[in-house]
Amino acid sequence: MPTPAGPGRRPPSTAEHARLAESPDDMDPWRLWGPYVSARQWGTVREDYSPDGDAWGYFPFDHAHRRAYRWGEDGLAGLTDRFGFLNLAVGLWNGRDDRLKERLFGLTNPQGNHGEDVKEYWWPLDATPTHSFASWLYRYPHAAFPYDELVARNAERGLEDREFELADTGVLAGDRFFDVVVSHAKSSPEDICVSITATNHGPEPAPLHIVPQLWFRNTWAWGRDDRMPSLRLVEPPEHDDGDLVAIEARHGWLGTYRLFAADSLGRGGEQRFVPSPLFCDNETNDRALWGTEGRSAYPKDAVDRAVVHGDRSLLNAAGRGTKVGLHYDCGEVEPGESITVRLRLKGGPAPDRPFGAAFDAVFRQRRREADEFYAEVIPAAVSPERRHVARRAYAGLLWGKQLYRYNVEQWLEGDPAQPQPPGSRLAPEHAGRNTSWQHLALADVISMPDEWEYPWFAAWDLAFHCVALARIDPDFAKEQLVLICREWSQHPDGQLPAYEWAFSDVNPPVHAWAAWRVFEIDGKRDLGFLKRIVTKLLLNFGWWVNRKDEDGSNLFEGGFLGLDNIGLFDRSNAVPGGWKLEQADATAWMGFFCLAMLRMSLQLARQDAAWDDIATTFLERFLAISIAMETGGTNGVSLWHEEDGFYYDALIAPDGGSEQIRVRSLVGLLPLLGVALAPRWVPRELPDFTERLAWLRRHRPEQTEALIPTRGPDHIAVTVMLTSPDRYLRLVTRMLDETEFLAGHGVRSMSAAYRDGYSANVAGVEMSLRYVPGESDSGLFGGNSNWRGPVWFPINVLLIDALRVYAGGVGVEDRIEMPTGSGRFVTLHEVADELEDRLISLFEPGADGARPGDPHDQGNGRLWAEHPFFCEYFDGDTGEGLGATHQTGWTALVAHLICEHADRSPTADSDED
C-alpha cells in the first residue's frame, strides 16, 4: 500500500506513490538513476592528499576541468546511477568565457570574506522522490564570467563588509543572460528522457553552445580496479536514423546503455543544429598541470579545448573513450528565443524512435504525475503562494541528494598506482584528519545540506532533512537516519560522524527526535525502523554519557555543538587550561535526547515488554539530568541564574570553584526543548513501567518533581520537564522580548541587548562579543556562519515543537505576553502559531513583491520574483537570507511547517493512539 503522506491522512493513490511503494530501498530500479552528481567535488576533504590538510589549495577550481577526481564527480544538473559510474551533465559556452561552463564557481574558504561562497544563480524547480521527473534552472550570463573580478573584489573586503556577488559585477544587467532549464523524465527505470532548453532573456542576440557530456567516473587509474568501461560512437547500420547521434556506454556493473542525441529545436520547433561528438578520456591532463606525460593522450579537458579554444588535437578521432561531449553550436540566439536539446539515455534494447511522439508524451505524463503527487502531499488548504514555496523546498531536498563515496582507510593509506601520501596524514597532532575513523566507508546517496558549499553530509543537518523528507519519501528518510548509525559509519565507541572536515567534532544529538518525528509522519506504523534506530542510538547515548560527562555530574560538555561562534571563546578548543566547561546547551540536548528515546521505548514496549526496562532507564536518566539542571550537578555547579531568569554555561576552576558565562543566547534557551507528554495509554498498557514510576514517587519523591500531572476534562496528563514551569515561563518571556530574542521572522540566536557589545572577565581574561544580526564578524570556525544574532531555521522549529508539547500539558491554561511588555496575552499554542507564521513569512512576498528571506543580490522583476532562495540563516533584524544560498536541507523545514500548519487540528492528540 502506498505510504501515508501524514498522520491521519488517507493513503494517497498517485502514480508516484505507487512507484515509491515498489521502491522502498535505494537499490530498487526506480531509484537507480537520479540527480546524484555533486555541484562541487573539488576542494573537498575526499580529494585532498596534501601534507598539511589544505583541501582548498590541493584541488582548486582551476584544476577541476583538467584533473580526474578520485572519489566522485561534479557537474551542472548532473544525472548518475546510484554508484556514480556513468554521469550525464550539461556544459555551456557563451562564446566569451575562458573555459567551458561545466560546474558552478565559488570562492574557497580563504578567498571569501565570510568563508566559502558560491557565486552563481540556480534553482531546483521540481522533482519527485523516485526522480521520475525533475527540473532545474541555471542562469548563465551573456558576458564572460567574471572569475578574476569575483576573487579580487572579495579579497579586498573584510569581515565587516558585504560579500561581492555575481549580480554586483553588472554582467546580468538588462536580463542579459540565458535561463537554461534541464529536465529529466523517466519512461522506465532505465530509460531517461532529457530536455535542455536555453532562453535568451536579453535585449540583443547572443551566441550559445550547449555541450551535454557523458562520462564514466575514473575508477581505473588508482591501482585498485583496472577494469575499463568504454564509450564509442554508434554509426549506421548499427542504428538506422542518420539524423541522430548515438553513443554506446559499456560498463561491467551497469551493462550497456545508449545515449541518443537529436537535432536541437529552435523557435517554432524547427530543427536547427546537429551535435558533433567530441571523444576523450576522463583522465588528468598532466602536461597542462605539471608538464609531465599523462596516462592518456586524450585528457578530460579535450572537450573544453575543442569548444572554447578551437584546438581539436586532444580529441580521440576514433570516436572512443571514457568521456564524450555533444557539441551543439547554436549560433546567435535571438532575444526571447529558446533552443531545446533532446537526449535519451537508455539501457537494454534501443527504442525504435527515440524522439518520436512518445518522447514528448513521457514529459507530459511525468509532469502531470508530479502535480498529482504534490496535490496529495501538500494539504488542499495551503495557499498557492505557500504551496509554491513548499514544492520548491521539496525540489531542493531531492536535488540535494548526492552520491557520497569516502573510504577513510583507503584515503589515508593512498592508492597503489599513485604517489605515497605524506606521513603527516596519519599524525593527528600535525595535519592528520579523521585518523580515528578508519572504519568509515560510505558509498551511498545521502541528503546533503547544500549542493555546493556543503557537498558532504553533516550529521545534525541530516536529521532535520529527514523530518522534511518524511512527508514525501518516508522510506528514504528512515534509511538516512539508520545509515548514519550503521557500523560502517557510526564509530565503534558510539559517536556519530559529524562531517568530513572533522568526523570527531560533536554535533547536537537530534537524531532520536528526528527518528520519532519521521515515525509519526509516516503514520506510526514501522516498528522495525524504530527498533533499528533505538538500538543504534543506545550506543550513541552511551558515548555521550561516557565522554561528555566525565565526572558524572549530569551536566554535560560538548564543545561547539554546531553553534560555531556563539560563545565568548571557542568552546571546543579554547577552554582555559585546567578548567572545565559545563554547557547549558549540551545538558539540555541530553535531556532532549533522553525524552525522545523514552518516547520511542514506550512505543516499542506496547508490543514487546522487553522495552519496558529501556523506557525506565531513559526516564531515570532524564530525571537525574533534570535535578542537575534545577539544583546543580554533583559539584554544586549551577547553570541557572535566578536574577536573570536564564541558563548559562559555567566554567569550573581547577580548585572546584565556578563562574557563569552570562551571555544570553540560544545556549540558555535550549532547555525549553526538554519537555514531553506521557502518553495516556501508559498506565493501562505498561504496568511494569507504571509500577516503577509509582515506586520512585513513593521512595524518591525529590527525583520525580520533573513529572507534573495536569488534570484535563476527562484525564490526567503528565508533563515531563527539564525545568520547573516557573523557569520555563521565565525563559519564554525572555524569548518573546523584541529587545532580546523575538525578531520579525523568528527567534534570534543571541540577545539583541548586546548591540553595543558585551564584555566579561573569563578565567582572568577579558573577552567580548556583540549582537551581529547578519554575517559573522568573527573568524571562529572559518567565519562562514554566525550564531551571534541571526535566525536559524532548525532551532526555531525545535522551539515551536516544544512550545506545542508544553501547551498540551502543564501549560494548557497558561497565557503569556507576546511580545513581552505589549500587554497582549495569548496561549502558548498561539505563540507557536505566530512563531511558525514568522518563519514562513521569510518566503512570502511583501507589498513590494520582495521576500524578506531573499539575499541582497536577488535581482528585480518577474524573472527573479518566482524563485525563492533557501538560505542557511537569516538576518536577525531584516530577515535577509545569508550564508549558503541553497540550504534546502534544514531550511526546507519550511515545507514541513506549511504542511503541519494546514494539517493541524485543535483537538488532535498524537499521543492517544
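Everything below is about the structure shown above.
Residues numbered from 1 in each chain as written. Predicted model: local features only at pLDDT ≥ 70, side-chain atom pairs only at ≥ 80, totals over all residues. Heavy atoms only, no water.

A.B. asks: What's the story with empty space enclosed by the protein in this structure? I'm lost.
C.D. replies: Gaps left between atoms show up when a probe the size of a water molecule is rolled over them. Summed over all chains, the structure comprises 12 cavities of 30 Å³ or more. Taken as a whole, the largest cavity encloses approximately 190 Å³ of empty space. Around the largest cavity, the lining comprises 19 residues; the ones closest to its centre are Glu163, Glu165, Pro855, Asp857 and Thr885. Residue assignment for the lining of the largest cavity shows that the elements contributing at least two residues are strand 5 (117–118) and strand 35 (881–882). (1 Å grid on protein atoms, 1.4 Å probe; cavity = no way out; pocket = protein on both sides within 12 Å on 5 of 7 lines; lining within 4 Å. Points joined across faces, edges and corners; volume = space filled by probe spheres on them. Helix = DSSP H or I, 4+ residues; strand = E, 2+ residues; numbered from the N terminus.)

A.B. asks: Any chance you could explain the side chain of arginine 46 here in plain terms?
C.D. replies: Position of arginine 46 relative to the elements: it lies in the loop between strand 1 (33–34) and helix 2 (55–58). Arginine 46 sits in the buried class, given a relative accessible area of 2%. Arginine 46 has contacts with Gln41, Trp71, Tyr404, Arg405, Tyr406, Trp411, Pro455, Trp456 and Glu500, leaving out every residue within four places of it along the chain. (Buried < 20%, exposed > 50% of the residue type's maximum accessible area, 1.4 Å probe, protein only. Contact = heavy atoms within 4.5 Å.)

A.B. asks: Before we go on, may I ask you to explain the packing of aromatic side chains in this structure?
C.D. replies: Centre distance and the angle of the planes are the two values used to describe a pair of aromatic rings. Scanning the model with the defined rule gives 59 aromatic pairs in all. Seen from their ring centres, tryptophan 42 and phenylalanine 61 are 5.5 Å apart, and the 65° between their planes marks the pair as edge-to-face. With tryptophan 42 in the loop between strand 1 and helix 2 and phenylalanine 61 in helix 3 (residues 61–64), this pair connects stretches of sequence that are 19 residues apart. In this pair, the class of tryptophan 42 matches that of phenylalanine 61, namely buried. Cation over ring: arginine 67 sits above tyrosine 58, and NZ or CZ is 4.9 Å from the ring centre. Between the NZ or CZ atom of arginine 70 and the centre of the ring of tryptophan 71, over which it lies, the distance is 4.1 Å. (Phe/Tyr/Trp six-rings, centres within 6.5 Å; stacked < 30°, edge-to-face > 60°. Lys NZ or Arg CZ within 6 Å of the ring centre and 35° of its normal.)

A.B. asks: Hey, could you run me through the environment of leucine 345 in this one?
C.D. replies: Along the chain, leucine 345 falls in strand 17 (residues 338–347). Accessibility expressed as a relative area gives 1% for leucine 345, which makes it buried. As for leucine 345 and valine 194, which are separated by 151 residues in sequence, their C-alpha atoms are 7.9 Å apart. Beyond its immediate chain neighbours, meaning those up to four positions away, leucine 345 contacts Trp33, Leu86, Glu190, Asp191, Ile192, Leu214, Tyr257, Arg258 and Leu259.

A.B. asks: Would you explain helix 4 (residues 147–155) in this entry?
C.D. replies: Because the α-helix completes a turn every 3.6 residues, residues three or four places apart line up on one side. Among the residues of helix 4, those classed as buried are Tyr147, Leu150 and Asn154. Each buried residue of helix 4 lies within a common arc of 70° when the element is viewed along its axis, so the set occupies one face. Residues of helix 4 that are exposed and angled more than 90 degrees away from the buried face: Asp148 and Ala155. Tucked inside the fold, the buried residues of helix 4 contact helix 3 and strand 4 (106–107). (Arc of directions from axis to C-beta.)

A.B. asks: Before we go on, may I ask you to explain the packing of helix 13 (residues 527–548) against helix 15 (residues 611–631) in this structure?
C.D. replies: When two helices pack together, their arrangement is given by the angle between the helix axes and the distance between those axes. Close contact between helix 13 and helix 15 brings their axes to 13 Å; oriented N to C, the two are set at 35°. As for how helix 13 packs across helix 15, the hand of that crossing is left-handed. The segment helix 13 lies against helix 15, with Lys531, Val534, Thr535, Leu538, Phe541 and Val545 engaging Trp611, Ile614, Phe618 and Arg621. When its residues are assigned to classes, the contact of helix 13 with helix 15 shows seven nonpolar, one polar and two charged. (Axes fitted to C-alpha atoms, helices over the stretch in contact; angles between N-to-C directions. Left-handed = near helix turned anticlockwise from the far one by under 90°. Nonpolar A, V, L, I, M, F, W, Y, C, P; charged D, E, K, R; others polar.)

A.B. asks: Please explain the sheet that holds strand 20 (residues 580–582) as it appears in this structure.
C.D. replies: Within a sheet, neighbouring strands are paired by backbone hydrogen bonds and run either parallel or antiparallel to one another. Read from one edge to the other, the open sheet built from three strands follows the order 20-23-24, with strand pairing classed as antiparallel. Edge positions in the sheet fall to strand 20 and strand 24 (658–661), since each has one partner strand and no second. Across the sheet, the axes of successive neighbouring strands diverge by a mean angle of 25°, strand direction being ignored. Two strands pair when backbone bridges link them, and strand 23 (residues 649–652) and strand 24 are joined in this way by four bridges, in the antiparallel orientation. Counted as the bridge partner of aspartate 649 is isoleucine 661 from strand 24. (Pairing = 2+ DSSP bridges.)

A.B. asks: How should I be thinking about the nonpolar core in this particular structure?
C.D. replies: As a rule of thumb, nonpolar side chains are buried together in soluble globular proteins. The biggest cluster of nonpolar side chains holds 281 residues, and the ones touching the most others in it are Leu86, Ile210, Leu343, Ile533, Trp589, Met735 and Phe793. Broken down by element, the residue count for this core peaks at 16 residues, all from helix 14 (residues 584–605). Counting residues in each nonpolar core, the second largest holds 13 residues, with Ala246, Ala262, Phe355 and Val362 among its members. (Core = buried A, V, L, I, M, F, W, Y, C linked by side-chain atoms within 4.5 Å.)

A.B. asks: Looking at this model, I keep getting lost on the packing of helix 21 (residues 828–840) against helix 23 (residues 893–903). Mind explaining?
C.D. replies: Orientation of helix 21 relative to helix 23, taken along the N-to-C sense of each, is 135°, at an axis distance of 10 Å. Regarding the angle of helix 21 to helix 23, the classification is oblique. In this structure, helix 21 meets helix 23 at a crossing whose hand is left-handed. In this structure, helix 21 uses Glu836, Asp837, Leu839 and Ile840 to contact helix 23, whose residues at the interface are Val894, Leu897, Ile898 and His901. Considering only residue class, the contact of helix 21 with helix 23 consists of five nonpolar, one polar and two charged. (Parallel < 35°, antiparallel > 145°, perpendicular 65-115°, else oblique.)

A.B. asks: Teacher, can you tell me more about unusual backbone geometry here?
C.D. replies: The general pattern is negative phi for most residues beyond glycine and trans for most peptide bonds. For the bond running from proline 236 to proline 237, omega is 15°, close enough to zero to count as cis. Cis geometry marks the peptide bond from methionine 818 to proline 819, where omega comes out at -5°. Mapped onto the elements, proline 819 comes out in the loop between strand 32 (815–817) and strand 33 (825–827). At alanine 77, a residue that is not glycine, the phi angle is positive and equals roughly 50°. Along the chain, alanine 77 falls in strand 2 (residues 76–81).

A.B. asks: It is not clear to me how the sheet that holds strand 2 should be interpreted in this structure. Could you clarify?
C.D. replies: Strand order in this open sheet of six strands is 1-2-3-10-16-14, and the pairing throughout is antiparallel. In this open sheet, the two edge strands, each paired with only one partner strand, are strand 1 and strand 14 (276–280). Pairing of strand 2 with strand 3 (residues 86–93), which is carried by three bridges, proceeds in the antiparallel orientation. Bridged to threonine 80 within strand 3 is asparagine 87. Running over the sheet, helix 6 (residues 302–309) touches strand 3, strand 10 (206–216), strand 14 and strand 16 (323–333) and is turned about 140° from strand 14.

A.B. asks: Would you take a moment to explain the pairing of strand 6 (residues 122–127) for this structure?
C.D. replies: Looking along a regular strand, one sees the side chains alternate between the two faces of the sheet. Most of strand 6 sits out of view: six of its six residues are buried. Counted along the chain from strand 6 to the antiparallel partner strand 7 (residues 133–141), the turn is five residues long, and its residue histidine 131 has a positive phi close to 60°.

A.B. asks: What's the story with the pattern of salt bridges in this structure? I'm lost.
C.D. replies: Pairing of side chains with opposite charge becomes possible as their charged atoms draw close. The full count for this structure, using the stated rule, is 77 salt bridges. Between glutamate 156 and arginine 153 there is a salt bridge, with the nearest N and O atoms lying 3.7 Å from each other. Assessed through its relative accessible area of 59%, glutamate 156 is described here as exposed. One salt-bridge network, held together by shared partners, links Arg471, Arg517, Glu520, Asp801, Glu900 and Asp903. (Salt bridge = Lys/Arg side-chain N within 4 Å of Asp/Glu carboxyl O.)

A.B. asks: I would appreciate a short explanation of the side chain of arginine 40 in the present structure.
C.D. replies: Positionally, arginine 40 belongs in the loop between strand 1 and helix 2. Although arginine 40 lies buried, it forms no salt bridge, and the closest oppositely charged side chain, glutamate 116, sits 5.6 Å away as judged by the N-O distance. A polar side-chain atom of arginine 40 sits 3.0 Å from the main-chain carbonyl oxygen of tryptophan 452. (Lys, Arg positive; Asp, Glu negative; His and termini not counted. Polar contact = N/O pair within 3.5 Å; in protein donor to acceptor, adjacent residues only side chain to side chain.)

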